[in-house]
Amino acid sequence: MKRKSLAVFPGSFDPITNGHLDIVSRALSIFGEIVMAILVNSEKSPLFKVEERVEIIREAFRGNRRVRVDTFSGLLVDYAEKIGASVIVRGLRAISDFEYEFQMALMNRRLDPNMETVFMMPAESYSYVSSRLVKEVLQLGGRVSDLVPPGVERRLREKYGVARPAPRLRKVR
Ligand code: ADP
């Protein structure tokens, strides 16, 4: 028996950003439990190992028993079926996300007609945030502290060997 209140939020999460966290908190207002499922994809070359991504997500949701983290490979619908979820949650940031997400949702429905995909929109302030852009900006010395949890920023700085920028001083007139 599938539990309607269990939703799976799949992704690379390399690493999670506040945009992902925003989607999870919105999804928790609809579903009882969310499983963040990290896709183990041998084709992509991720910055963070799967184990590191699991740890990062655990840290971000520590104390929240309604959010679990897991990894999967193979078809998402098979994984969802295995854990008893009948809903897939995905985030939609902009029209540019739409085409790919639309294709995926319809393909997943074809693979499993009982699987529904629910799209959620993040707060506007996160609508331009992506894991890729956060990595790029930090690497080039920019600030990302409002865009990712503190543990993510610390790990990114360690990976790239980029020091925290000095606080900007206001000009005294
Ligand atoms: P994928 O490789 O599957 O796209 P991501 O980790 O980049 O994995 O994204 C997982 C999901 O989270 C996708 O549905 C993506 O659209 C969504 N997402 C990513 N960043 C944001 C954001 N800033 N706001 C809302 N949704 C987001």
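Further up the page is the structure itself.
What counts as what
Residues numbered from 1 in each chain as written. Predicted model: local features only at pLDDT ≥ 70, side-chain atom pairs only at ≥ 80, totals over all residues. Heavy atoms only, no water. Helix = DSSP H or I, 4+ residues; strand = E, 2+ residues; numbered from the N terminus. Buried < 20%, exposed > 50% of the residue type's maximum accessible area, 1.4 Å probe, protein only. Contact = heavy atoms within 4.5 Å. Lys, Arg positive; Asp, Glu negative; His and termini not counted. Charge placed at Lys NZ, Arg CZ, Asp CG, Glu CD. Arc of directions from axis to C-beta. Core = buried A, V, L, I, M, F, W, Y, C linked by side-chain atoms within 4.5 Å. Near = heavy atom within 4 Å. 1 Å grid on protein atoms, 1.4 Å probe; cavity = no way out; pocket = protein on both sides within 12 Å on 5 of 7 lines; lining within 4 Å. Sits in = over half its atoms within 2 Å of the grid points. Nonpolar A, V, L, I, M, F, W, Y, C, P; charged D, E, K, R; others polar. Phe/Tyr/Trp six-rings, centres within 6.5 Å; stacked < 30°, edge-to-face > 60°. Salt bridge = Lys/Arg side-chain N within 4 Å of Asp/Glu carboxyl O.

A. Seen up close, the overall build of the protein chain. Regarding its fold elements, the protein chain presents 6 helices and 5 strands. Element order for the protein chain, N to C, with α for helix and β for strand: β-α-β-α-β-α-β-α-β-α-α. Referenced to the eigenvectors of the C-alpha coordinate spread, the extents of the protein chain come out at roughly 65 × 35 × 30 Å. Here the protein chain, with 173 residues, has 44% of them falling under the buried criterion. For the protein chain, long-range pairs separated by at least 24 residues make up 76% of all intrachain contacts whose partners lie at least 6 apart in sequence. Side-chain charges of the protein chain comprise 29 positive and 21 negative groups, with the mean position of each set lying 6 Å from the other.

B. Looking closely at helix α3 (residues 76–83). The set of residues buried in α3 consists of Leu76, Val77, Tyr79, Ala80 and Ile83. For α3, the angular spread of the buried residues around the axis is 160 degrees, confining them to a single face. Trailing α3 by a residue or two, Gly84 shows a phi angle of about 85 degrees, which is positive.

C. Representation of helix α6 (residues 150–160). Among all positions of α6, only Gly151, Val152, Glu153, Arg155, Leu156 and Arg157 are buried. Contacts from the buried residues of α6 go to α2 (50–60) and α5 (131–139). Positive phi shows up at Gly161, right after α6, with a value of about 65 degrees.

D. How the structure looks around the nonpolar core. If you look at the biggest cluster of nonpolar residues, it comprises 34 residues, and the most contacted ones within it are Phe9, Ile16, Met36, Ile57 and Val89. Elements represented by at least two residues in this core include exactly β1 (3–11), α1 (18–27), β2 (33–39), α2, β3 (67–72), β4 (85–91), α5 and α6. Not counting the four nearest positions on each side in its chain, Ile16 is found in contact with Leu21, Met36, Ile56, Ile57, Ala60, Val148, Pro149 and Val152. In terms of nonpolar packing, the next biggest core, distinct from the first, is built from 13 residues, Phe72, Tyr79, Ala85 and Met115 among them.

E. Structural view of the site of the ligand. Neighbouring the ligand are 17 residues; Ser12, Phe13, Gly91, Tyr126 and Val129 lie closest to it. Because more than half of its atoms lie within 2 Å of the grid, the ligand is assigned to the largest pocket. Those elements giving two or more residues to the shell around the ligand turn out to be β1, α1, β4 and α4 (95–111). A class-by-class count of the residues in the shell around the ligand yields 7 nonpolar, 5 polar and 5 charged.

F. Inspection of the packing of aromatic side chains at higher detail. Enumeration over the complete set of coordinates arrives at 3 aromatic pairs. When the centroid spacing of 5.1 Å and the interplanar angle of 75 degrees are considered together, the rings of Phe9 and Phe13 count as edge-to-face. For Phe13, a relative accessible area of 4% puts it in the buried group. When the ring of Phe98 is compared with that of Phe102, the centres are 5.2 Å apart and the planes differ by 25 degrees; the resulting orientation is stacked. With Phe98 and Phe102 both in helix α4, this residue pair falls 4 residues apart, about one helical turn. Residue Phe102 is classed as partly exposed on the basis of its relative accessible area, which comes to 43%.

G. Quick look at the side chain of Asp97. Along the polypeptide, Asp97 turns up in helix α4. Asp97 has contacts with Gly91 and Leu92, leaving out every residue within four places of it along the chain.

H. Region of the structure containing the pattern of salt bridges. Throughout the structure, instances matching the rule amount to 14 salt bridges. Arg109 is paired through a salt bridge with Glu116; the nearest N and O atoms lie 3.7 Å apart. Residue class for Arg109 comes out partly exposed when judged on its relative accessible area of 42%. Its relative accessible area of 38% is what places Glu116 among the partly exposed residues. Through salt bridges that share partners, Glu55, Glu59, Arg154, Arg155 and Glu158 make up one connected network.

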